[in-house]
Amino acid sequence: MFYQKIRGDHALPESWDYKPPAGIEVIGVRTFEELAKHSEAWDDLFLKSNLSFFSSYPWINAYFSHLIESHESWICLFAYLDGELIGVLPLVIRRSYRMLGRSIILFRTPFSPMHTSTIDCLMPPDNHIALEIFYDFLSNIPSTWPIISFKELLENSPALTFLNKHNGYSIVISGARQNYIQLSDTYEEYQAGISSNLRRLIKRNTKKLKELDKVQFVMRESQRSANENMNRFMDAEHSGWKKEVRGSVKSYPKHAATLSMAAEDLAKRGWMEWNFIEIDNCTAAAHYAIRVNRIVYIMKIAFVDEYNFFSPGNLLFNKMIENSFLQGDVDEINTLADCPWHYQWQVKSRRLYDALLLPRIPVVSHIIKLVFRVMRKKANRNPYATNKEEATRQK
């Protein structure tokens, strides 16, 4: 073998020299204690951005805590300009290949088809220099060519804008789609735009629901602990078909721990949105959702199969839309996926993009592009892999 494969947890040196531009400080963090020290500045920068909660401290901290494989490691890069945070880039180190005295280190942004995507380089809306600085920082690792893989970037992504400007040293490929509801006008006008069949279904099932005893919609629940709400959600989701096909969060302890830890930290910031239909204090349907920067992200939906006769999932989704209009603090409801059932709700759709940031060496970048395209074609010919990933997205 003419190359040596090195595990991700052994791929990076302890430190390396780097001379940043004037006024810039770059910090590579690899411990949770150090990560927490940046959380306040991270929160401030996140709230100024247009990125999803996936790029927030609570989510990245939970992901790093539970979903790094034994052969991987992680690093989170921070850039400060005159003491003000201007960039955050969380990375997983997958592996390294050593050949002819040089290493190719493969980095990726955190991703899981069950719950985590669209993670970008967090930067201020008016200053996008951090990603280039971060790549220069990694390129200064002695005798190393870094490759960074981004998964499911949004069309208005800061990283995607940067990559398109440097397309000689990047690969951008159209990928999945993400559906959302744009809130405008009033709930009544929105509802008039959905199909008459869906309106009749909602009306008929609302009547069935009212015939039951001790029924209530619990919207934006905040009195119980995040842990109690998480357990109620997971028990409901794990009660029926998702348990049978191992599609529930509870079926995967590491993922359950990730979502539980994230929920607790998000709730402390006032960003969690728990919605329930409860019958005699038992959960019939539930949402694990995040509401921040005037967007509600519907991360996970659960319902108990024995209540299917009144479509609790549809009724709770409709009530969430109505409540978002009523509260006046939401501009968009983001489903975070592309599922067939979304389209009855008058959704719009946006394209997501996968991308690679490559070494700025023409021959090396050209070879990597060829290898990537071959691997991509092979993956596309594997319907089992594609269908398996899509199945995990059916919330």
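Everything below is about the structure printed above this text.
Residues numbered from 1 in each chain as written. Predicted model: local features only at pLDDT ≥ 70, side-chain atom pairs only at ≥ 80, totals over all residues. Heavy atoms only, no water.

**Concerning the overall build of the protein**
Here's step 1: Within the protein, the secondary structure is distributed over 13 helices and 13 strands.
Here's step 2: In summary, the protein has a C-alpha radius of gyration of 22 Å against a globular reference of 21 Å for 395 residues, a match within 12%.
Here's step 3: Projecting the C-alpha coordinates of the protein onto the three principal axes gives extents of approximately 75 × 50 × 35 Å.
Here's step 4: In the protein, which comprises 395 residues, the share counted as buried stands at 52%.
Here's step 5: By sequence separation, contacts in the protein at least 24 residues apart represent 74% of the contacts at least 6 residues apart.
Here's step 6: Total accessible area computed for the protein in this model is approximately 18500 Å², and 51% of it derives from carbon and sulfur atoms.
Here's step 7: Counting 49 positive and 44 negative side-chain charges, the protein places the averaged centre of each group 8 Å from the other. (Helix = DSSP H or I, 4+ residues; strand = E, 2+ residues; numbered from the N terminus. Rg over C-alpha atoms; globule rule 2.2 N^0.38 Å. Buried < 20%, exposed > 50% of the residue type's maximum accessible area, 1.4 Å probe, protein only. Contact = heavy atoms within 4.5 Å. Areas by Shrake-Rupley, 256 points an atom, 1.4 Å probe, with all protein chains shown as cover. Lys, Arg positive; Asp, Glu negative; His and termini not counted. Charge placed at Lys NZ, Arg CZ, Asp CG, Glu CD.)

**Observations regarding the pairing of strand S13 (residues 348–357)**
Here's step 1: Counting buried residues in S13 gives 7 out of 10 residues, a clear majority hidden from the surface.
Here's step 2: Where strand S6 (residues 144–154) lies against S13, 5 bridges are found, and the strand directions are antiparallel. In the sheet register, Leu-153 faces S13, and the bridge partner there is Tyr-353.
Here's step 3: Where strand S7 (residues 170–182) and S13 come together, 9 bridges link them in antiparallel fashion. Counterpart to Ile-171 in the pairing with S13 is Leu-356. (Pairing = 2+ DSSP bridges.)

**Remarks on the nonpolar core**
Here's step 1: If you look at the biggest cluster of nonpolar residues, it comprises 79 residues, and the most contacted ones within it are Trp-42, Phe-53, Tyr-288, Ile-290 and Ile-321.
Here's step 2: Ile-290 has contacts with Phe-53, Leu-266, Trp-271, Met-272, Glu-273, Ile-295, Val-296, Tyr-297 and Met-299, leaving out every residue within four places of it along the chain.
Here's step 3: Counting 35 residues, the second-largest nonpolar core is a separate cluster that includes Ala-79, Ile-93, Ile-105 and Leu-153. (Core = buried A, V, L, I, M, F, W, Y, C linked by side-chain atoms within 4.5 Å.)

**Quick notes on the packing of helix H2 (residues 39–48) against helix H3 (residues 57–66)**
Here's step 1: For the pair H2 and H3, interaxial distance at closest approach is 9 Å and the crossing angle is 125°. Between H2 and H3, the angle is such that the two are oblique. For the pair H2 and H3, contact is made by Ser-39, Trp-42 and Asp-43 and by Tyr-57, Pro-58 and Ile-60, respectively.
Here's step 2: Residues that form the contact of H2 with H3 fall into these classes: 4 nonpolar, 1 polar and 1 charged. (Axes fitted to C-alpha atoms, helices over the stretch in contact; angles between N-to-C directions. Parallel < 35°, antiparallel > 145°, perpendicular 65-115°, else oblique. Nonpolar A, V, L, I, M, F, W, Y, C, P; charged D, E, K, R; others polar.)

**Details of the packing of aromatic side chains**
Here's step 1: This model, assessed by the stated rule, comprises 20 aromatic pairs.
Here's step 2: Each ring, one from Tyr-18 and one from Phe-137, has its centre 5.4 Å from the other, and the planes form 80°; the classification is edge-to-face. Placement of Tyr-18 in the loop between strand S1 (4–7) and strand S2 (24–29) and of Phe-137 in helix H4 (residues 130–139) is noted, with a sequence separation of 119 residues between them. A single burial state applies to Tyr-18 and to Phe-137, both of which are buried.
Here's step 3: Judged by centre distance (5.1 Å) and plane angle (80°), the rings of Phe-53 and Trp-59 are edge-to-face.
Here's step 4: Taking relative accessible area as the criterion, Trp-59 reaches 0% and is therefore assigned buried.
Here's step 5: Through successive ring pairs, a cluster of aromatic residues spans Phe-53, Phe-54, Trp-59 and Tyr-297. (Phe/Tyr/Trp six-rings, centres within 6.5 Å; stacked < 30°, edge-to-face > 60°.)

**Overview of the state of the cysteines**
Here's step 1: The full count for this structure, using the stated rule, is 0 disulfides.
Here's step 2: Cys-76 provides the cysteine sulfur closest to Cys-121, a residue in no disulfide bond, and the two sulfurs are 9.7 Å apart. (Disulfide = S-S within 2.5 Å.)

**Some remarks on H2**
Here's step 1: Within H2, the full set of buried residues consists of Ser-39, Trp-42, Asp-43, Leu-45 and Phe-46.
Here's step 2: Each element contacted by the buried residues of H2 is listed here: helix H1 (32–37), H3, strand S3 (73–81), strand S4 (84–99) and strand S10 (282–292).

**A look at the environment of Arg-95**
Here's step 1: Within the secondary structure, Arg-95 sits in strand S4.
Here's step 2: Not counting chain neighbours up to four residues away, the residues in contact with Arg-95 comprise Lys-5, Ile-6, Arg-7, Gly-8, Ile-104, Ile-105 and Leu-106.

**What to know about the pattern of salt bridges**
Here's step 1: With the rule as written, the count across this model stands at 21 salt bridges.
Here's step 2: Residue Glu-84 pairs with Lys-48 through a salt bridge whose shortest N-O separation is 3.9 Å. Within this pair, whereas Glu-84 is found in strand S4, its partner Lys-48 is found in helix H2, the two being separated by 36 residues in sequence.
Here's step 3: When salt bridges with common partners are traced through the structure, they connect Glu-221, Arg-224, Glu-228, Arg-232 and Glu-278 into a single cluster. (Salt bridge = Lys/Arg side-chain N within 4 Å of Asp/Glu carboxyl O.)

**Thoughts on a positive patch on the surface**
Here's step 1: A cluster of like positive charges, contributed by Arg-199, Arg-200, Arg-204 and Lys-208, occupies part of the molecular surface.
Here's step 2: Assignment of secondary structure puts Arg-204 in helix H7 (residues 196–210).
Here's step 3: Its relative accessible area of 47% is what places Arg-204 among the partly exposed residues. (Patch = residues over 30% accessible without salt bridge, like charges linked within 9 Å, V, L, I, M, F, W, Y side chains within 5 Å.)

**Quick notes on the environment of Leu-77**
Here's step 1: Its place among the elements puts Leu-77 in strand S3.
Here's step 2: Spatially, the C-alpha atoms of Leu-77 and Phe-137 are 9.3 Å apart, while their sequence positions differ by 60 residues.
Here's step 3: Leaving out residues up to four positions away in the same chain, Leu-77 has contacts with Ile-27, Gly-28, Gly-87, Val-88, Leu-89, Leu-91, Phe-134, Phe-137 and Leu-138.

**Focus: the pairing of S3**
For a regular strand, side chains alternate in direction, first toward one face of the sheet and then toward the other.
Here's step 1: Here S3 lies mainly inside the structure; 8 of its 9 residues are buried.
Here's step 2: In this structure, S3 lies alongside S4, joined through 9 bridges in antiparallel fashion. Among the inter-strand pairings, Leu-81 is bridged to a residue of S4, identified as Glu-84.

**What to know about the environment of Tyr-18**
Here's step 1: Taking C-alpha positions, Tyr-18 is 31 Å from Thr-116, a pair spaced 98 residues apart along the chain.
Here's step 2: For Tyr-18, the contacting residues outside a window of four places in its chain are Val-26, Ile-133, Asp-136, Phe-137 and Asn-140.

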